[in-house]
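If you want the building blocks of each chain, they are given just below.
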Amino acid sequence: MHLSYRWRNDNNPILTRLRTAIDTRDGAVFPAVSSRLGGTSVSYAGLAEGLAYTLEFTELRREVQDGQSAERTTTEITGKALRCPKRLPDADITIVGTSAVRARRLPTSASLIMPMRVHFVIDTDGDPDSVRQTISKRERWQFNRDMRHHDWTWTVEHDPAWFDFFYDHLYRPTMRMRHGARERTEAKNVAYECLFRTGRMFSLSQDGERIGGALCHWDGASHIMTLRLLGVLGGSEEHYNSGAFKAIYHFLVKWSAENDVRQLDFQGTEPFLSKGTYQWKRRFGTRVLLPPNHFGKKRLWLHVGQDTPKVRDFLVANPMLAEAEDTTLEAIYFHDSSRPARLDYSAKSPGVERVRQIHLDTFLAVGPGDASTASRFRRPLNNSWSMP
């Protein structure tokens, strides 16, 4: 159990390199899925985690646009075959999940390299008031307003009975309400042995009743606390509307700044700025960085194979983080003459080194009617990009 937990979450450099090498080896067999929705297709091939973290996100965003459900076709592909774009499922947009090293070897025409996940961290080893000032004014104002209307208290918990109640009545219901069939949860026995016994657990009470809680991983050597599980009673919308769910984050920041925590890690999300989780975690003054576990050494290769109105709609509607030539993170906003860049999805965060607005006519200049797929893949991406 502990070995499995470490394999999935540990930040030891030797372990993360070993896992990445094993996960992305030539002989491994990966899912290759084509997802069609509303006349647009997105394929994903590679690391299985990308099905939940990446492909599902593209489906959710396309479902919003088209009001339909995706139809999937699933097959398999080897790690060696992932190297050859011609062997990937045919789609308007192709995404490959693999190691950073392998992603950088793939063709660059009409393509981006993206992190598979990003994390949001707050440096909390300073004055609590200074740490609080890094949170956006709007977030602070909302929290202060909500505190005046609710008698919230924050408590460190050690009782296993509270763990049971938290897991069964707060965490799991919250995951079901937020994600439905797409929920991803930590098994109860693993959460108890690998998080509760050595980590930090908290409860949020309102008028004397425990209505929320959080369970965090604690690394005593580095003094880094990582939020792993959280929830509100019954997953009820009432506790979202009251501000209780967000209050958990505010109390975690305050407690960390007052209790010798050097860094608070809110964990992460997909590298799309249109993701709601991305936008509101950003407002806590977090730094955006690559995950410290094996995800930090994995990437997505995104290639646009067909220039269609709906493909352009999707790219413009979903600004994204990409890896620049120097391997730093930059925010990419696509646009064209009839589709303005969605700058309302802000990328303003430490860790995002630059913002680029890219005209789709230039990015997609080598169209599907050109000489051959191979010739498209030989065109350098840098020569394709231009600032508007």
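Predicted, not measured: the structure shown is a model, and the values here were computed from it.

(A) Fine view of the sheet that holds strand E15 (residues 329-335). The strand order across the open sheet built from three strands is E14-E15-E16, with neighbouring strands paired in mixed fashion. Of all the strands in the sheet, the pair left with one neighbour each is strand E14 (320-323) and strand E16 (352-359). Neighbour-to-neighbour, the strand axes of this sheet turn through a mean angle of 35 degrees, independent of strand direction. Direction of pairing for E14 relative to E15: antiparallel, over a ladder of four bridges. Looking at the pairing, methionine 320 lines up with isoleucine 332 of E15.

(B) Quick look at the pattern of salt bridges. Under the counting rule described, the total for this entry stands at 32 salt bridges. For arginine 312, the salt bridge is made with aspartate 361, and the minimal N-O distance between the two is 2.9 Å. A residue pair is termed long-range when its members are at least 10 positions apart, and arginine 312 in helix H12 (residues 309-317) and aspartate 361 in helix H13 (residues 360-363) qualify at 49 residues. A relative accessible area of 10% means that arginine 312 is categorised as buried. Aspartate 361 gets classed as partly exposed once you look at its relative accessible area, which sits at 43%. Between aspartate 336 and arginine 339 there is a salt bridge whose closest N-O contact spans 2.7 Å. This pair shows no difference in class: aspartate 336 is buried, exactly as arginine 339 is. Here the residues in one salt-bridge network are Asp307, Arg312, Asp313, Asp336, Arg339 and Asp361, joined through shared partners.

(C) How the structure looks around unusual backbone geometry. Positive phi, close to 60 degrees, is recorded for histidine 223, a residue that is not glycine. Along the chain, histidine 223 turns up in the loop between strand E9 (209-219) and strand E10 (224-232). With a phi close to 60 degrees, aspartate 260 is a non-glycine residue in the positive phi region. Assignment of secondary structure puts aspartate 260 in the loop between helix H10 (244-258) and strand E11 (263-269).

(D) Just the side chain of arginine 282, in detail. Inspection of the secondary structure puts arginine 282 in helix H11 (residues 276-282). Buried charge arginine 282 goes without a salt bridge, the closest partner of opposite sign being glutamate 139 at 8.7 Å. Setting aside its immediate chain neighbours within four residues, arginine 282 contacts Phe120, Ser346, Ala347, Lys348 and Ser349.

(E) A look at the sheet that holds strand E2 (residues 40-46). Strand order in the open sheet made by the six strands is E3-E1-E2-E4-E13-E5, with mixed pairing throughout. Every interior strand has two partners, whereas the edge strands, strand E3 (71-78) and strand E5 (111-115), have only one. Taking each pair of neighbouring strands and ignoring which way they run, the sheet shows an average axis angle of 20 degrees. One ladder, built from five bridges, connects E2 with strand E4 (residues 93-99); its direction is parallel. Within E4, the residue paired with alanine 45 across the bridge is valine 96.

(F) Here's a closer look at the pairing of strand E6 (residues 118-123). Across the six residues of E6, five count as buried, placing the element largely inside the fold. Bridge analysis of E6 against E11 gives five bridges, and the strand direction is antiparallel. Counted as the bridge partner of aspartate 123 is glutamine 263 from E11. Inspection of the sheet shows E6 paired to strand E12 (residues 287-289) by three bridges, in the antiparallel sense. For phenylalanine 120, the partnering residue across the bridge sits in E12 and is valine 288.

(G) The packing of aromatic side chains, seen in detail. Enumeration over the complete set of coordinates arrives at 25 aromatic pairs. Linked through ring pairs, Trp162, Phe163, Phe165, Phe166, Tyr167, Tyr171, Tyr192 and Phe196 together constitute an aromatic cluster. Geometry around phenylalanine 295 places lysine 298 over its ring, the cationic atom sitting 5.8 Å from the centre.

Thresholds applied
- Residues numbered from 1 in each chain as written.
- Predicted model: local features only at pLDDT ≥ 70, side-chain atom pairs only at ≥ 80, totals over all residues.
- Heavy atoms only, no water.
- Pairing = 2+ DSSP bridges.
- Helix = DSSP H or I, 4+ residues; strand = E, 2+ residues; numbered from the N terminus.
- Axes fitted to C-alpha atoms, helices over the stretch in contact; angles between N-to-C directions.
- Salt bridge = Lys/Arg side-chain N within 4 Å of Asp/Glu carboxyl O.
- Buried < 20%, exposed > 50% of the residue type's maximum accessible area, 1.4 Å probe, protein only.
- Lys, Arg positive; Asp, Glu negative; His and termini not counted.
- Contact = heavy atoms within 4.5 Å.
- Phe/Tyr/Trp six-rings, centres within 6.5 Å; stacked < 30°, edge-to-face > 60°.
- Lys NZ or Arg CZ within 6 Å of the ring centre and 35° of its normal.

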